[in-house]
Amino acid sequence: MPPVVIIGGGVSGLSAAYYLAKGGVSATLIESRPRLGGVIQTEHVEGCTIEAGPDSFLSIKPAALDLIRDLGLAGDVIGSNDRIRKTYVRRNGKLVALPDGLMMMVPTKIMPLLTTGLIGWGTKLRMGLELLRAPKPRDEDESVAEFIDEHYGAEAVDYLAEPLLSGIYGGNPSHLSVRSVLPRFVELSTRYGSLTRGVLAERAKAGTKNAAPAPLFQTLKGGLGQMVDAVTASLQGKMEVRQARAQCIERAGTGFRIRMEDGWLEAAQVVVACEAHSGALLLPALDARVAELLGTVPYSSSMTVALGFDAADFARPPAGFGFLVPKKERRRLIACTWIGTKFPNRVPEGKIVARCFLGGMEDAGILQESDEAILAAVTAELHEIAGFHAVPRFSRIFRWPRSMAQYTVGHPRRLAELESRAAAIPGLYLAGNAYQGIGIPDCIRMGRAAAEKILRMSA
Ligand SMILES: Cc1cc2nc3c(=O)[nH]c(=O)nc-3n(C[C@H](O)[C@H](O)[C@H](O)COP(=O)(O)OP(=O)(O)OC[C@H]3O[C@@H](n4cnc5c(N)ncnc54)[C@H](O)[C@@H]3O)c2cc1C
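Structure report, in brief. (Residues numbered from 1 in each chain as written. Predicted model: local features only at pLDDT ≥ 70, side-chain atom pairs only at ≥ 80, totals over all residues. Heavy atoms only, no water.)

Residues in a regular strand point their side chains to alternate faces of the sheet. Among the 12 residues that make up strand β17 (residues 299–310), 11 are buried, leaving the element largely enclosed by the rest of the structure. With nine bridges joining them, β17 and strand β21 (residues 394–405) adopt antiparallel strand pairing. Note that in β21 the partner of leucine 307 across the bridge is serine 395. Both β17 and strand β20 (residues 351–359) contribute to a ladder of nine bridges, which runs antiparallel. Each residue of the ladder has a partner; that of glycine 308, found in β20, is valine 353. (Buried < 20%, exposed > 50% of the residue type's maximum accessible area, 1.4 Å probe, protein only. Helix = DSSP H or I, 4+ residues; strand = E, 2+ residues; numbered from the N terminus. Pairing = 2+ DSSP bridges.)

Okay, the site of the ligand next. Near the ligand you find 35 residues, and of these Ser12, Glu31, Ser56, Ile438 and Ile440 are the closest. Between an oxygen atom of the ligand and a main-chain N or O atom of aspartate 55, the distance comes to 3.3 Å. Alanine 246 places a main-chain nitrogen or oxygen 3.0 Å from a nitrogen atom of the ligand. With the chains in place, 93% of the 1000 Å² that the ligand exposes on its own is no longer accessible. Taken together, the elements giving at least two residues each to the shell around the ligand come down to α1 (11–22), β2 (27–31), β17, β21 and α16 (440–458). For the shell around the ligand, the leading source of residues is β21, giving three residues. Split into classes, the residues belonging to the shell around the ligand amount to 15 nonpolar, 15 polar and five charged. (Near = heavy atom within 4 Å. Polar contact = N/O pair within 3.5 Å; in protein donor to acceptor, adjacent residues only side chain to side chain. Areas by Shrake-Rupley, 256 points an atom, 1.4 Å probe, with all protein chains shown as cover. Nonpolar A, V, L, I, M, F, W, Y, C, P; charged D, E, K, R; others polar.)

Bringing the sheet that holds β17 into the picture now. Reading across from one edge, β8-β7-β18-β19-β20-β17-β21 is the order of the seven strands in this open sheet, with mixed pairing throughout. One side of each edge strand has no neighbouring strand; the edge strands of this open sheet are β8 (94–97) and β21. In this sheet, neighbouring strand axes are inclined to one another by 25° on average, regardless of whether the strands run parallel or antiparallel. The pairing of strand β7 (residues 87–91) with β8 spans four bridges and is classified as antiparallel. Across the sheet, arginine 91 pairs through a bridge with lysine 94, a residue of β8. Across the sheet, helix α6 (residues 154–169) lies against β7, β17, β18 (322–324), β20 and β21, angled at about 125° from β7, the strand it touches most. Sheet contacts for helix α14 (residues 371–386): β7, β8, β17, β18, β19 (335–338), β20 and β21; angle to β17, the most-contacted strand, approximately 70°. (Axes fitted to C-alpha atoms, helices over the stretch in contact; angles between N-to-C directions. Contact = heavy atoms within 4.5 Å.)

Looking at chain direction, strand β14 (residues 255–260) and strand β15 (residues 263–267) are connected through five bridges and run antiparallel. Of the residues in β15, the one forming a bridge with phenylalanine 256 is alanine 267. Linking β14 back to β15 in an antiparallel pair, the connection comprises two residues.

This part takes up the packing of helix α8 (residues 183–192) against helix α9 (residues 195–206). The description of two packed helices rests on the angle between their axes and on the distance between the axes. Contact geometry for α8 and α9: axes closest at 8 Å, N-to-C directions at 100°. With respect to their mutual orientation, α8 and α9 come out roughly perpendicular. Of the residues in α9, those touching α8 at Arg184, Phe185, Leu188, Ser189, Arg191 and Tyr192 are Leu195, Arg197, Gly198, Val199, Ala201, Glu202 and Lys205. Residue composition of the contact of α8 with α9, by class: six nonpolar, two polar and five charged. (Parallel < 35°, antiparallel > 145°, perpendicular 65-115°, else oblique.)

By themselves, these observations are geometric and do not establish any function.
Rendered as structure tokens:
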């Protein structure tokens, strides 16, 4: 069997490795970090399960659950505590609950919209009138900010779209592509005109109006690191895992050769499953244009800071799942999750853990600051925003430089060119968060798709 090399041991590369091994094809997995999982990393601190990177995956996209089932971990899946889901947004220095019935930034319930203090009457009226919009063809890509502004006005961009997307992408809605980031909303706008009408109509069609919805987010009891550990264990004896940095890929006969620090590695097929900026360094000799396109995908740098408190130090438990801080009101903190509230069994009785999200496109410099400076800044902001004075009993800081791809306006066109050029190089496959989705299920789907193509070739 000719050898396959997978470059990148994040969830995209691990998914490719897992499905290759399952199909009986062995491969070499190359990962430059001393551990597998990429940005997925779980730590257990004083009985608390702390996610350094992602904390969950969207349950409506099936690829993550499929992999978890294949790994025999279905019994360990837990859902977010949606019964008590409430997220707050900072407005004029106060935390205001996101109105009930919002689907991202699309309102679907009248009363919560009328009574919310998060947006003013002008925007509420605009949201009502949006119901009357006629369908409009949308040929060109545009920014999320332009699209949402057109539907609901600038305040909806500032206090809904911006904080929600900053909390996911660490990105700016004025730069993000609506076609790549909110493709379903583009479809609804084209079809129904009104996003609100579109969401309600689709919901009615799906018959989900009164059905108890599945939890929006899911994870594993032991944290997402449990999935990484299970994939790693399943690869033992079936796949060589090398801790090394691949430096470049060249053609060699009908296959490839990969330059490593200590020589060349031959491969019949290669899955490039690293960040696009790393891929850009690997591929110039193979296809300069593919390398150039990969180099144009911007990445945001982010940081999570977990702060553990004694619950006894709080006058009352913090409200809801957490809060988002819109750019208009932001100093450093972008978002905070009370992890013991969002998921069951994450934090033992008597403790409270805040997971703070910082950095993003606007504040990458924070990753260079010292741990002491970061802790002081985060604790002070948390005190001010959430209104308590407890001192953290433990803390963990996790830096993720250039780890989150930004699908900027024009991404669909860039992706189409990338995919068609890559498809013209037999034996080369791209998988990762720079292409068709940054979430864990999308990354798993792309890794699996690469493996399935290789399995078909090897059959
Ligand atoms: C802080 C944070 C929170 C997030 N939260 C969520 C969430 O809650 N839910 C969700 O669905 N998604 C979330 N995401 C996004 C999601 O986790 C990532 O998009 C996804 O895990 C990326 O997986 P990947 O394998 O494509 O890339 P990575 O995890 O970045 O892995 C790429 C790997 O390639 C390795 N590598 C790079 N170059 C080379 C080379 N030349 N040779 C060898 N190895 C190389 C790197 O060391 C790295 O380990 C979050 C991301 C971050 C950073």
